[in-house]
Amino acid sequence: ASLAGVVEYRNVTFAYPGAESPVLSNISFTARPGQTIAIIGSTGAGKTSLLSLLPRLYDPVEGQVLLDGVPVDQLDRAEITKRVALVPQRPYLFSGTIAHNLRFGRTEATDQELWNALRVAQGDSFVREKTNGLDSRIAQGGTNVSGGQRQRLCIARALVTKPRVYLFDDSFSALDVATDARLRAALKDTTTDATVIIVAQRISTITGADQILVLDNGRIVDRGTHEELLETSPTYQEIVES
Ligand code: M5T
Ligand code: MG
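Criteria and cut-off values
Numbers given to residues run from 1 along each chain, matching the order in which its sequence is written. Chains carry letters and ligands carry numbers; both start at the beginning, A for chains and 1 for ligands, and go up in the order they are written. A pLDDT threshold of at least 70 governs which residues receive local features in this predicted model, and a stricter bar of 80 or more applies before side-chain atom pairs are shown or counted, although totals over entire chains, interfaces and linings include all residues. To get the side-chain values, take all heavy atoms of the structure and skip hydrogens and water. Secondary structure elements are taken from DSSP: a helix is a run of H or I of four residues or more, a strand is a run of E of two residues or more, and numbering for both begins at the N terminus. When we talk radius of gyration, it's over C-alpha atoms, and the globule rule is simply 2.2 Å times the number of residues to the 0.38. Only protein chains enter the accessibility calculation, which uses a 1.4 Å probe; a residue whose area is less than 20% of its type maximum is buried, one above 50% is exposed, and one in between is partly exposed. Whether two residues touch is decided by their heavy atoms; if any such pair falls within 4.5 Å, the residues are in contact. Here the accessible surface of atoms and residues is derived via Shrake-Rupley with a 1.4 Å probe, and residues count as covered only by protein chains that are part of the display. Counting rule applied: Lys, Arg positive; Asp, Glu negative; His and chain ends not counted. Here the site of a charge means NZ on Lys, CZ on Arg, CG on Asp, or CD on Glu. Sodium, potassium and calcium take a 3.2 Å donor cutoff, other metals 2.8 Å, and in both cases only N, O and S atoms count; water is not among them, so sites may look incomplete. Here, a strand pair is defined by DSSP locating no fewer than two bridges between the strands. Inter-axis angles, ranging from 0 to 180 degrees, are taken between N-to-C directions of lines fitted to C-alpha atoms, where helices are fitted over the stretch in contact. Salt bridge criterion: a side-chain nitrogen from Lys or Arg within 4 Å of a carboxyl oxygen from Asp or Glu. For our purposes a nonpolar core is just a set of buried Ala, Val, Leu, Ile, Met, Phe, Trp, Tyr and Cys residues, chained together by side-chain atoms within 4.5 Å. Throughout this document, a residue counts as near a molecule or strand when at least one of its heavy atoms sits within 4 Å of that molecule or strand. Here a polar contact is recorded for every N or O atom pair within 3.5 Å, except that within protein the pair must consist of a potential hydrogen donor and a potential acceptor, and residues adjacent in sequence are included only if both atoms are side-chain atoms. Here the nonpolar group is Ala, Val, Leu, Ile, Met, Phe, Trp, Tyr, Cys and Pro; Asp, Glu, Lys and Arg are the charged ones; every other residue, Gly included, is treated as polar. For this classification, under 35 degrees means roughly parallel, over 145 means roughly antiparallel, 65 to 115 means roughly perpendicular, and everything else is oblique.

> Give me the overall build of the protein: which residues, what numbers.
When helices and strands are counted, the protein shows 10 helices and 12 strands. The C-alpha radius of gyration of the protein comes to 18 Å, within 12% of the 18 Å expected for a compact globule of 242 residues. For the protein, the spread of C-alpha atoms along the three principal axes comes to 50 × 40 × 40 Å. Expressed as a percentage of its 242 residues, the buried residues of the protein come to 51%. Restricting to contacts in the protein with at least 6 residues of sequence separation, those with at least 24 account for 67%. Carbon and sulfur atoms make up 47% of the accessible area of the protein, which amounts to about 11,600 Å² in all. Measuring between centres, the 25 positive side-chain charges of the protein sit 7 Å from its 28 negative side-chain charges.

Right under this line is the structure:
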């Protein structure tokens, strides 16, 4: 069987350079094409750190991270960037037009593709309302768009790259619940063959995930579907009730 789009963390332990204790300990999970894997856990649990190992922002101290069945340290960085799109927790917009920000170097993407990505990301209407549409200018750091608009533009940017794997780090938190739900439904429709890993704060964002990993203090303490975790995981129940 093809391993295209399969993400596997194998007994991964990670400490930041110079740090004494690891922020992630013995993390193992597999995410397959068509699946949505959600990661939930309190602030500082290690969710962002966990995602950062796939695009090799950092490398594990022990264990392996595999993409398409190949350890990522054996892959070309440019190849990883092509296959994996990370929407960071603090997504960055640079000074330039909306089109520039969405293409992000992918000059081959057509305007039609940009609009399609915006439609999925629930960002088409606010861009259309701007006088210059896709050619409207974004200020350095995206200071002239709202937090939710920035998140949607950065999600659209990820969609434009048509990756095999999407990593969303808390990408839906600035959206109201209805927009969040619409966006994820549209996302599911257009990314049926992709592997999706979502870090979320809000339970409603992840109840439909195929598997939820409950991260606590750098360890996966429980895993399962929403229904399973409600029955079996005190940590998950605490998060649900908070
Ligand atoms: C986990 C430390 C952080 C915390 C732990 C990103 C980052 C984190 N840390 C560093 O030392 N250097 C760094 O560059 O690692 O942090 P996290 O992975 O960011 O946790 P999270 O994403 O679960 O938290 P949050 O607040 O985004 O929900 O001890 O100091
Ligand atoms: Mg984080």
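> Describe the coordination of the magnesium ion (ligand 2), and please don't skip the residues or the numbers.
Looking at the magnesium ion (ligand 2), the protein donor atoms are Thr48 (OG1) and Gln89 (OE1), and they sit 2.0 to 2.3 Å from it. Highlighted residues: threonine 48 in helix H1 (residues 47–52) and glutamine 89 in the loop between strand S6 (84–87) and strand S7 (96–97), separated in sequence by 41 residues. For threonine 48, a relative accessible area of 36% puts it in the partly exposed group. We classify glutamine 89 as partly exposed; its relative accessible area is 37%.

> So what's going on with helix H4 (residues 111–120)? Residues and values would help.
Each full turn of the α-helix corresponds to 3.6 residues, which orients residues three or four apart in the same direction. Within the span of H4, buried status applies to Leu114, Trp115, Ala117, Leu118 and Val120. Residues of H4 that are buried in the fold lie against helix H3 (98–103), helix H5 (124–129), helix H6 (147–160) and helix H7 (177–190). Once H4 ends, the next one or two residues include glutamine 122, with phi positive near 60°.

> Please set out the sheet that holds S6 residue by residue, giving values where relevant.
Strand order in the open sheet formed by six strands is S6-S9-S10-S3-S11-S12, and the pairing between neighbours is mixed. Strands at the two margins of the open sheet, each flanked by one partner only, are S6 and strand S12 (219–224). Taken over all neighbouring pairs, the strand axes of this sheet differ in orientation by 15° on average, direction set aside. Bridge count for strand S3 (residues 36–40) against strand S10 (residues 195–199) is four bridges, and the pairing is parallel. Following the sheet pairing, threonine 36 is matched in S10 by valine 196. Contacts from helix H10 (residues 234–241) reach S3, strand S11 (211–216) and S12, with the element oriented near 90° to S11.

> Break down the pattern of salt bridges for me, citing the residues and quoting the values.
Pairing is possible between side chains that carry opposite charge, provided their charged atoms lie close to one another. In this structure the tally under the stated criterion is 11 salt bridges. The salt bridge partner of arginine 103 is aspartate 111, with a shortest N-O separation of 2.8 Å. Residue arginine 103 is classed as buried on the basis of its relative accessible area of 18%.

> Describe in detail the nonpolar core, supporting the description with residues and values.
Leu134, Leu153 and Phe168 are the most contacted members of the largest nonpolar core, which totals 46 residues. Setting aside anything within four residues of it in sequence, one finds leucine 134 in contact with Thr97, Ile98, Ala99, Leu102, Asp111, Leu114, Trp115, Leu118 and Val127.

> Tell me what's going on with the site of ligand 1, and back it up with residues and numbers.
The full set of residues close to ligand 1 is Tyr16, Val23, Ser42, Thr43, Gly44, Ala45, Gly46, Lys47, Thr48, Ser49, Gln89 and Gln201. Here threonine 48 contributes a side-chain N or O atom positioned 2.8 Å from an oxygen atom of ligand 1. One of the side-chain nitrogen or oxygen atoms of glutamine 89 is found 2.7 Å away from an oxygen atom of ligand 1. Within the complex, 61% of the 620 Å² of free accessible area of ligand 1 lies under protein. Within the shell around ligand 1, the residues separate by chemical class into three nonpolar, eight polar and one charged.

> How would you summarise the packing of H6 against H7 if you had to cite specific residues and measurements?
Packing of H6 against H7 brings their axes to within 13 Å, and their N-to-C directions diverge by 0°. Considering the angle they form, H6 stands roughly parallel to H7. Note on element contacts: H7 touches H6 through Thr179, Leu183, Leu187 and Thr190, opposite Arg152, Ile155 and Leu159. Of the residues contributing to the contact of H6 with H7, the split by class is four nonpolar, two polar and one charged.

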